[in-house]
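# Structural features, examined
Listed below, chain by chain, are the residues.
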Amino acid sequence: MRLVITADTHVPKRARDLPAPLWAAIDEADVVLHAGDWVDESLLDAMLARSRRLIGVHGNNDGPPLRARLPEIARVDLDGLRVAVVHETGARTRREERCAARFPDTDLLVFGHSHIPWDTRAPGGLRLLNPGSPTDRRAQPHATYLTARVAAGRLRDVTLHRLPPR
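Description of the structure in this document. (Residues numbered from 1 in each chain as written. Predicted model: local features only at pLDDT ≥ 70, side-chain atom pairs only at ≥ 80, totals over all residues. Heavy atoms only, no water.)

### Side note on the nonpolar core
In terms of nonpolar packing, the biggest core is built from 21 residues, with L3, L33, I55, L78, V83, V85 and L155 touching the most fellow members. Looking at this core, the elements that each hand over two or more residues are β1 (2-6), β2 (31-34), β4 (73-78), β5 (81-86), β6 (108-110) and β9 (143-151). Leaving out residues up to four positions away in the same chain, L78 has contacts with M1, L3, V31, R53, I55, V83 and V150. Counting 19 residues, the second-largest nonpolar core is a separate cluster that includes W23, L66, A143 and L163. (Core = buried A, V, L, I, M, F, W, Y, C linked by side-chain atoms within 4.5 Å. Buried < 20%, exposed > 50% of the residue type's maximum accessible area, 1.4 Å probe, protein only. Helix = DSSP H or I, 4+ residues; strand = E, 2+ residues; numbered from the N terminus. Contact = heavy atoms within 4.5 Å.)

### A short note on the pairing of β4
Judged by which residues are buried, β4 turns out to be one-sided: A74, V76 and L78 face inward and are buried, whereas I73, R75 and D77, on the alternate face, are not. Sheet topology places β4 next to β5; six bridges connect them, and they run antiparallel. Within β5, the residue paired with R75 across the bridge is A84. If you look at the hairpin formed by β4 and β5, you'll find two residues sitting between the two strands, and D79 has a positive phi there, around 50°. (Pairing = 2+ DSSP bridges.)

### Here we look at the sheet that holds β2
Across the sheet, which stays open at both edges, the five strands sit in the order β3-β2-β1-β9-β10 with mixed pairing between neighbours. Two strands lie at the open edges of the sheet, namely β3 (54-56) and β10 (154-163), each paired on one side alone. In this sheet, adjacent strand axes meet at a mean angle of 20° when their direction is disregarded. As paired strands, β9 and β10 are joined by eight bridges and run antiparallel to one another. Looking at β10, one finds that T147 is bridged to T159. Together, β1, β2, β9 and β10 form the strand contacts of helix α1 (residues 20-28), whose direction differs from that of β1 by roughly 140°. Helix α2 (residues 41-50) contacts β1, β2 and β3 of the sheet and is inclined by roughly 150° relative to β3. (Axes fitted to C-alpha atoms, helices over the stretch in contact; angles between N-to-C directions.)

### Quick word on the sheet that holds β4
Pairing is mixed across the open sheet formed by five strands, whose spatial order is β4-β5-β6-β8-β7. The open sheet is flanked by β4 and β7 (118-121), the only strands paired with a single partner. The sheet shows a mean angle of 15° between the axes of neighbouring strands, taken without regard to direction. The sheet contacts of helix α4 (residues 95-102) involve β4, β5, β6, β7 and β8 (127-130), and relative to β7 the element is tilted by about 70°.

Don't take any of this as a statement about function, it's just geometry.
The following block contains the structure:
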(Lines give C-alpha, C1' and ligand atoms only; values in the text may rest on other atoms or scores of the structure.)
Protein backbone atom coordinates (compact mmCIF):
# COMPACT_ATOMS: atom_id res chain seq x y z
CA MET A 1 0.00 0.00 0.00
CA ARG A 2 1.52 3.33 -1.12
CA LEU A 3 1.11 6.34 1.17
CA VAL A 4 1.52 10.06 0.64
CA ILE A 5 1.84 12.08 3.85
CA THR A 6 1.41 15.84 3.81
CA ALA A 7 0.33 18.71 6.05
CA ASP A 8 0.34 22.49 6.26
CA THR A 9 -0.57 22.98 2.62
CA HIS A 10 -2.04 26.46 3.28
CA VAL A 11 -3.66 26.74 -0.18
CA PRO A 12 -4.36 29.44 -1.37
CA LYS A 13 -2.66 31.59 1.29
CA ARG A 14 0.91 30.29 0.86
CA ALA A 15 0.57 28.88 -2.65
CA ARG A 16 -2.05 28.91 -5.39
CA ASP A 17 -1.90 25.12 -5.68
CA LEU A 18 0.08 22.11 -4.56
CA PRO A 19 3.38 21.50 -6.35
CA ALA A 20 3.11 19.20 -9.39
CA PRO A 21 5.34 16.45 -7.87
CA LEU A 22 3.01 16.20 -4.86
CA TRP A 23 -0.08 15.99 -7.10
CA ALA A 24 1.64 13.24 -9.09
CA ALA A 25 2.38 11.33 -5.88
CA ILE A 26 -1.24 11.77 -4.74
CA ASP A 27 -2.46 10.38 -8.07
CA GLU A 28 -0.31 7.24 -7.58
CA ALA A 29 -0.98 6.68 -3.86
CA ASP A 30 -3.38 4.20 -2.37
CA VAL A 31 -3.86 6.39 0.72
CA VAL A 32 -3.19 10.09 1.34
CA LEU A 33 -2.78 11.30 4.92
CA HIS A 34 -3.15 15.07 5.50
CA ALA A 35 -2.39 16.46 8.96
CA GLY A 36 -4.28 19.73 8.71
CA ASP A 37 -4.00 23.40 7.77
CA TRP A 38 -5.67 23.07 4.40
CA VAL A 39 -7.02 26.66 4.71
CA ASP A 40 -9.66 26.37 1.95
CA GLU A 41 -12.31 23.75 1.19
CA SER A 42 -11.42 23.78 -2.51
CA LEU A 43 -8.16 21.95 -1.76
CA LEU A 44 -10.00 19.31 0.27
CA ASP A 45 -12.44 18.84 -2.62
CA ALA A 46 -9.60 18.57 -5.16
CA MET A 47 -7.74 16.03 -3.02
CA LEU A 48 -10.91 14.01 -2.50
CA ALA A 49 -11.43 13.94 -6.27
CA ARG A 50 -7.87 12.79 -7.00
CA SER A 51 -7.19 10.46 -4.06
CA ARG A 52 -8.14 6.81 -3.93
CA ARG A 53 -8.51 7.23 -0.16
CA LEU A 54 -8.01 10.43 1.83
CA ILE A 55 -7.62 10.60 5.59
CA GLY A 56 -7.37 14.12 6.95
CA VAL A 57 -7.85 16.31 9.98
CA HIS A 58 -8.37 20.02 10.51
CA GLY A 59 -5.64 22.33 11.75
CA ASN A 60 -5.51 25.61 13.61
CA ASN A 61 -5.75 27.63 10.35
CA ASP A 62 -8.86 25.80 9.16
CA GLY A 63 -12.14 27.63 9.61
CA PRO A 64 -15.65 26.38 10.41
CA PRO A 65 -16.40 24.85 6.97
CA LEU A 66 -13.32 22.59 7.12
CA ARG A 67 -13.83 21.84 10.82
CA ALA A 68 -17.37 20.69 9.99
CA ARG A 69 -15.98 18.20 7.44
CA LEU A 70 -12.81 16.98 9.15
CA PRO A 71 -12.12 15.59 12.63
CA GLU A 72 -9.48 16.84 15.05
CA ILE A 73 -8.03 13.32 15.22
CA ALA A 74 -8.40 10.58 12.62
CA ARG A 75 -7.67 6.93 13.36
CA VAL A 76 -7.40 4.21 10.75
CA ASP A 77 -6.07 0.68 10.38
CA LEU A 78 -3.96 0.31 7.24
CA ASP A 79 -3.25 -3.36 6.61
CA GLY A 80 -2.73 -3.92 10.34
CA LEU A 81 -0.79 -0.66 10.98
CA ARG A 82 -2.66 1.41 13.56
CA VAL A 83 -2.44 5.05 12.41
CA ALA A 84 -3.53 8.30 14.03
CA VAL A 85 -3.43 11.71 12.37
CA VAL A 86 -3.54 14.99 14.32
CA HIS A 87 -2.43 18.52 13.55
CA GLU A 88 -0.74 19.67 16.74
CA THR A 89 1.31 17.72 19.28
CA GLY A 90 2.69 20.62 21.34
CA ALA A 91 6.29 21.60 21.99
CA ARG A 92 9.09 19.43 20.62
CA THR A 93 10.45 18.89 24.16
CA ARG A 94 9.26 15.49 25.40
CA ARG A 95 7.01 15.12 22.31
CA GLU A 96 7.63 11.38 22.03
CA GLU A 97 6.68 10.68 25.64
CA ARG A 98 3.54 12.86 25.48
CA CYS A 99 2.38 11.30 22.23
CA ALA A 100 3.04 7.74 23.42
CA ALA A 101 0.84 8.45 26.45
CA ARG A 102 -1.87 10.15 24.35
CA PHE A 103 -1.91 7.50 21.59
CA PRO A 104 -1.13 4.22 23.40
CA ASP A 105 -2.80 1.93 20.85
CA THR A 106 -1.12 3.50 17.82
CA ASP A 107 1.83 2.37 15.69
CA LEU A 108 2.18 5.56 13.61
CA LEU A 109 1.29 9.13 14.50
CA VAL A 110 1.25 11.65 11.66
CA PHE A 111 1.23 15.30 12.71
CA GLY A 112 1.84 18.76 11.30
CA HIS A 113 1.78 22.37 12.52
CA SER A 114 5.52 23.07 12.81
CA HIS A 115 6.37 22.81 9.08
CA ILE A 116 9.48 20.93 10.25
CA PRO A 117 10.01 17.36 9.01
CA TRP A 118 10.19 14.94 11.92
CA ASP A 119 10.82 11.20 12.14
CA THR A 120 11.35 9.66 15.57
CA ARG A 121 10.25 6.77 17.75
CA ALA A 122 8.74 7.06 21.19
CA PRO A 123 9.39 4.66 24.05
CA GLY A 124 7.30 1.59 23.28
CA GLY A 125 7.76 1.95 19.52
CA LEU A 126 5.28 4.65 18.40
CA ARG A 127 6.64 6.23 15.19
CA LEU A 128 6.08 9.96 14.83
CA LEU A 129 6.16 11.53 11.37
CA ASN A 130 5.75 15.15 10.33
CA PRO A 131 6.03 15.72 6.58
CA GLY A 132 6.89 19.41 6.86
CA SER A 133 5.06 21.63 4.36
CA PRO A 134 4.99 21.41 0.56
CA THR A 135 4.14 25.11 0.20
CA ASP A 136 5.49 27.03 3.22
CA ARG A 137 8.99 25.93 4.21
CA ARG A 138 9.42 28.74 6.75
CA ALA A 139 12.98 28.36 8.10
CA GLN A 140 13.52 24.95 6.49
CA PRO A 141 15.83 24.63 3.49
CA HIS A 142 13.16 22.91 1.37
CA ALA A 143 9.42 22.48 1.06
CA THR A 144 8.69 18.79 1.73
CA TYR A 145 6.27 15.87 1.88
CA LEU A 146 6.65 12.16 2.68
CA THR A 147 5.92 8.90 0.95
CA ALA A 148 5.95 5.44 2.51
CA ARG A 149 4.66 1.92 2.06
CA VAL A 150 2.61 -0.27 4.37
CA ALA A 151 2.76 -4.03 4.16
CA ALA A 152 1.57 -6.60 6.68
CA GLY A 153 1.19 -4.04 9.46
CA ARG A 154 4.65 -2.54 8.97
CA LEU A 155 5.67 0.89 7.77
CA ARG A 156 8.43 0.73 5.16
CA ASP A 157 10.41 2.93 2.79
CA VAL A 158 9.67 6.28 4.47
CA THR A 159 11.07 8.91 2.11
CA LEU A 160 11.28 12.67 2.60
CA HIS A 161 10.79 14.45 -0.73
CA ARG A 162 12.37 17.87 -1.13
CA LEU A 163 10.56 20.08 -3.60
CA PRO A 164 12.35 22.46 -5.96
CA PRO A 165 12.17 26.16 -5.11
CA ARG A 166 9.21 27.99 -6.57
